[in-house]
Amino acid sequence: MKTIKPLREKKNTAILLIHCPDKQGILATVTEFLNKNKGNIIYLDQHVDRQEKIFYMRVEWELENFAIPQDKIGEYFDTLIGAPLQMHWRIYFSDTVPRMALFVSKMPHCLFDILGRYTAGEWDVDIPMIISNHETLKPVAERFGIPFYYFPINKENKAEQEAAEVELLRKHKIDFVVLARYMQVLSEDFVRQFPNKIINIHHSFLPAFAGAKPYHAAHQRGVKIIGATSHYVTSELDAGPIIEQDVTRCSHVDTVEKLIRKGRDLEKIVLSQAVYKHLQRKILVFKNRTVVFN
C-alpha cells in the first residue's frame, strides 16, 4: 500500500527542549540567543514547577536565515547557555524523519489506526518494521508493505529473543518503539536501552481491574467511566510517565461487548495522540512525570 507523503513545512526548523533549575532571566537569555542569530521563533511555551523549582521550555525557530550552521547549534548553545545554566537540553530538526518500530501481538485495532494515519500522511515518520510474538497480524503488515518480524517468546527463550530484537532495532536505526497492544512484558534490560523511547497503551482500570478480563470485571461492578492511558515504559510495570489519557461514559445498558468496543476505541485514539505528541517533540520527562506542551 502506498504511503501518502506528509505535508511538511517548506522551511526547516529547529526544536529545543529544555529543563533546568529555575532562576530569573532564562526565557530572556534563550530568546536573545535566537534573536541575535536571526532565528525567527514560531513557537514558544514554558512552565515553571514551583514545588520542584524547575524551569521547562520548548522553543521552535526557522533555520532559513539562522547565523549558526545547523551542525554547530548544539555546541554553541551548550557553551553559551546550556552549561552555565545547568540545563538538560535536546535539539531536534524538522528535516530529520524519526524511525518508529511497532510491536504487536494479536489485537489489530491500534495497529490499524496507526497505519491508517501513516499511510494518509498525517505523520512525518518512517515505519521500517513491525515486530510480533505471534503471526496473526502478518497479513496486515503485508497489506501495508511493511516488513514483519516474528519472534515467538516463552520463559526459556525470552532473553535470547529480546537480544535479537534489540539488535534488529539497532541495525535499522530505530528511534523509538510503540507497543500497539503488545501482550508481552519487556525485560528491564530491554527497557533500559530505550529510555523514554517506548510508548505503551493500556486501559485505565489498573490496578483495580487487573487481569485478563478487565472489562468483564468492570461490567460486574457497574462502572460508569472507562478510560485508556498511554505512557512511556519503565522497568516498573505500567508505572511510567503518563503522556495521554481519556475517558468515556458508560451505563447499565452497556454489555461487556459494548464496553470492549468503547475501550478499544479509546485505546487507539489515546495511543495515536501520544505518538503524535512524541513526534512533535512536545514531551519533556522529569523524574517520573511528563510536561506535555500544547
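Residues numbered from 1 in each chain as written. Predicted model: local features only at pLDDT ≥ 70, side-chain atom pairs only at ≥ 80, totals over all residues. Heavy atoms only, no water.

Draft legend 1. Just the sheet that holds strand β6 (residues 126-132), in detail. Read from one edge of the open sheet, seven strands run β7-β6-β5-β8-β9-β10-β11, paired in mixed fashion. A single partner strand is all that each edge strand has here, and the edge strands are β7 (148-150) and β11 (242-249). In this sheet, neighbouring strand axes are inclined to one another by 20° on average, regardless of whether the strands run parallel or antiparallel. In terms of strand pairing, strand β5 (residues 99-104) meets β6 through five bridges, oriented parallel. (Pairing = 2+ DSSP bridges. Helix = DSSP H or I, 4+ residues; strand = E, 2+ residues; numbered from the N terminus. Axes fitted to C-alpha atoms, helices over the stretch in contact; angles between N-to-C directions.)

Draft legend 2. Inspection of the packing of helix α1 (residues 26-36) against helix α2 (residues 73-82) at higher detail. The interhelical angle for the contact between α1 and α2, taken along N-to-C directions, is 140°, at an axis separation of 11 Å. Regarding α1 and α2, the two cross each other, and that crossing is right-handed. Counted together, T29, V30 and F33 of α1 and Y76, F77, L80 and I81 of α2 form the full contact between these two elements. Tallied by class, the residues present in the contact of α1 with α2 amount to six nonpolar, one polar and no charged. (Left-handed = near helix turned anticlockwise from the far one by under 90°. Contact = heavy atoms within 4.5 Å. Nonpolar A, V, L, I, M, F, W, Y, C, P; charged D, E, K, R; others polar.)

Draft legend 3. The arrangement of the pattern of salt bridges in detail. Counted by the stated rule, this structure contains 17 salt bridges. Among the ionic pairs, R58 bridges to E60, the shortest N-O distance being 3.6 Å. Among the salt bridges present, the one from E244 reaches K277, with a minimum N-O distance of 2.5 Å. Remark: K277 occurs in helix α8 (residues 256-279) and E244 occurs in strand β11; sequence separation between them is 33 residues. We classify K277 as partly exposed; its relative accessible area is 24%. Here the residues in one salt-bridge network are K11, E62 and E64, joined through shared partners. (Salt bridge = Lys/Arg side-chain N within 4 Å of Asp/Glu carboxyl O. Buried < 20%, exposed > 50% of the residue type's maximum accessible area, 1.4 Å probe, protein only.)

Draft legend 4. Geometry of the environment of K197. On the secondary structure map, K197 appears in the loop between α6 (188-192) and β9 (198-203). A relative accessible area of 35% places K197 in the partly exposed class. Along the chain, K197 and W123 lie 74 residues apart, while their C-alpha atoms are 17 Å from each other. Look past the residues within four positions of K197 in its chain and what remains in contact with it is D175, F176, V177 and Y232.

Draft legend 5. Seen up close, unusual backbone geometry. Of note in the backbone geometry, K38 takes a positive phi value of approximately 65° without being a glycine. Looking at the element boundaries, K38 is found in the loop between α1 and β2 (40-49).

Draft legend 6. Representation of the nonpolar core within the structure. Of all hydrophobic cores here, the largest spans 41 residues; its most connected members are M100, L102, I114, L115, I130, L271 and V275. The biggest single contributor to this core is α8, with seven residues. With near-sequence residues (within four places) excluded, I114 lies in contact with M100, L102, W123, I127, V178, A180, L271 and S272. The next biggest cluster of nonpolar side chains, apart from the first, holds 21 residues, and it includes F55, V59, L63 and I68. (Core = buried A, V, L, I, M, F, W, Y, C linked by side-chain atoms within 4.5 Å.)

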